Amino acid sequence: MNDDERRESGMTVRRQVLGDSHVDRAIAATDEFTADFQDFITRYAWGEVWSRPGLDRRTRSCITLAVLATLHHDDELAMHVRAALRNGLSPQEVAEVLLQVGVYAGVPAANRAFTVAREILRQEAG
C-alpha cells in the first residue's frame, strides 16, 4: 500500500471510529504547523494500526481506553470513550475496562478515567 492509499484508508477508518464531526473539526483546525502530524496519524495510527486485521475495533477500543486512562490523557480518553461506544462497547463494558485499569495501573488512574468517562457517557445519553 502506498502513502496515498494508506492516507485514504486511514481517513475512512478515522471517520468510522471518531465520527465525521470530530474529524472535520480536526481537519479544519489543521494549519502549516500541524499538517504533517495530522497526515502522520491518518496514515499510521488509522491507516496502518487501526486497519490491521489482527484485532477487531471493539478490542482496539478497549486497549486504547486502558492505555489513555493509565497515562492520564484525559482529552484523548474522552474522545475514545465516544469512539468505543461507536465501536459497539456498552457503558458497562467501558466501566469494566476502567476497573481493569484500577487493578493494573492504580486506583488514582482509574478514578480520573471514571470521572472523564462518566461525563462523556452522560453527554452521549442525552
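Everything below is about the structure printed above this text.
The structure reproduced in this document is the subject of the present report.

1. Re the overall build of the chain
Link 1 in the chain: The number of helices and strands found in the chain is seven helices and zero strands.
Link 2 in the chain: For the chain, the spread of C-alpha atoms along the three principal axes comes to 40 × 30 × 25 Å.
Link 3 in the chain: Residues classed as buried in the chain amount to 35% of the 126 residues present.
Link 4 in the chain: With the model as given, the accessible surface of the chain reaches about 7,600 Å², and the carbon-plus-sulfur share is 54%.
Link 5 in the chain: Between the averaged position of the 15 positive side-chain charges in the chain and that of its 19 negative side-chain charges there is a distance of 5 Å.

2. Some remarks on the packing of aromatic side chains
Link 1 in the chain: Counting across every chain of the model gives two aromatic pairs.
Link 2 in the chain: Considering the side-chain rings of phenylalanine 40 and tyrosine 44, the 5.6 Å spacing of their centres and the 40° angle between planes classify their relative orientation as tilted. Within this pair, phenylalanine 40 and its partner tyrosine 44 are both found in helix 3 (residues 35–49), separated by four residues, close to a single helical turn.
Link 3 in the chain: With relative accessibility at 45%, the residue phenylalanine 40 sits in the partly exposed group.
Link 4 in the chain: Classification of tyrosine 44 as partly exposed rests on a relative accessible area of 32%.

3. Overview of helix 1 (residues 3–18)
Link 1 in the chain: The first and last C-alpha atoms of helix 1 sit 21 Å apart over 16 residues, in line with the 22 Å expected at 1.5 Å per residue.
Link 2 in the chain: Regarding helix 1, the residues found buried are Arg6, Gly10, Val13, Arg14, Val17 and Leu18. Angular distribution of buried residues about the axis of helix 1 spans 105°; they occupy a single face of the element. What points out from helix 1, more than 90 degrees from its buried face, is the exposed set Asp4 and Glu8.
Link 3 in the chain: Buried positions along helix 1 lie against helix 2 (20–29), helix 3, helix 4 (57–70) and helix 5 (74–86).
Link 4 in the chain: If you check the start of helix 1, you find a side-chain oxygen 3.0 Å away from the backbone N of aspartate 4, and it comes from asparagine 2.
Link 5 in the chain: Of the residues flanking the end of helix 1, it is glycine 19, one or two places downstream, whose phi is positive at about 95°.

Definitions and cut-offs
What you see as residue numbers is a count from 1 along each chain, following the sequence as written. Local features in this predicted model are restricted to residues of pLDDT 70 or higher, and side-chain atom pairs are both shown and tallied only at a pLDDT of 80 or more, whereas totals for entire chains, interfaces and linings draw on every residue. Calculated side-chain values reflect all of the structure's heavy atoms, with hydrogen atoms and water omitted. Counting from the N terminus, the helices are DSSP H or I runs at least four residues long and the strands are E runs at least two residues long. Each residue is assigned to one of three classes by its accessible area relative to the maximum for its type, calculated with a 1.4 Å probe on protein chains only: buried under 20%, partly exposed between the two thresholds, exposed over 50%. Accessible surface area values rest on a Shrake-Rupley calculation with a 1.4 Å probe, where residue burial reflects the displayed protein chains alone. Within this scheme the basic residues Lys and Arg register as positive and the acidic residues Asp and Glu register as negative, but His and the chain ends are omitted. The location of each charge is read from NZ of Lys, CZ of Arg, CG of Asp or CD of Glu. Two aromatic rings from Phe, Tyr or Trp, using only the six-membered ring of Trp, form a pair when their centres are within 6.5 Å; if the ring planes differ by under 30 degrees the pair is stacked, by over 60 it is edge-to-face, and anything between is tilted. An expected span of 1.5 Å times one less than the residue number is assigned to each helix. Regarding the arc, it is the one traced by the directions from the helix axis to the C-beta atoms. Residues are treated as being in contact if the distance between any of their heavy atoms lies within 4.5 Å. Throughout this description, a polar contact denotes any pair of N or O atoms lying within 3.5 Å of each other; where both atoms belong to protein, one of them has to be capable of donating a hydrogen while the other can accept it, and for residues adjacent in sequence the pair is counted only when both atoms sit in side chains.

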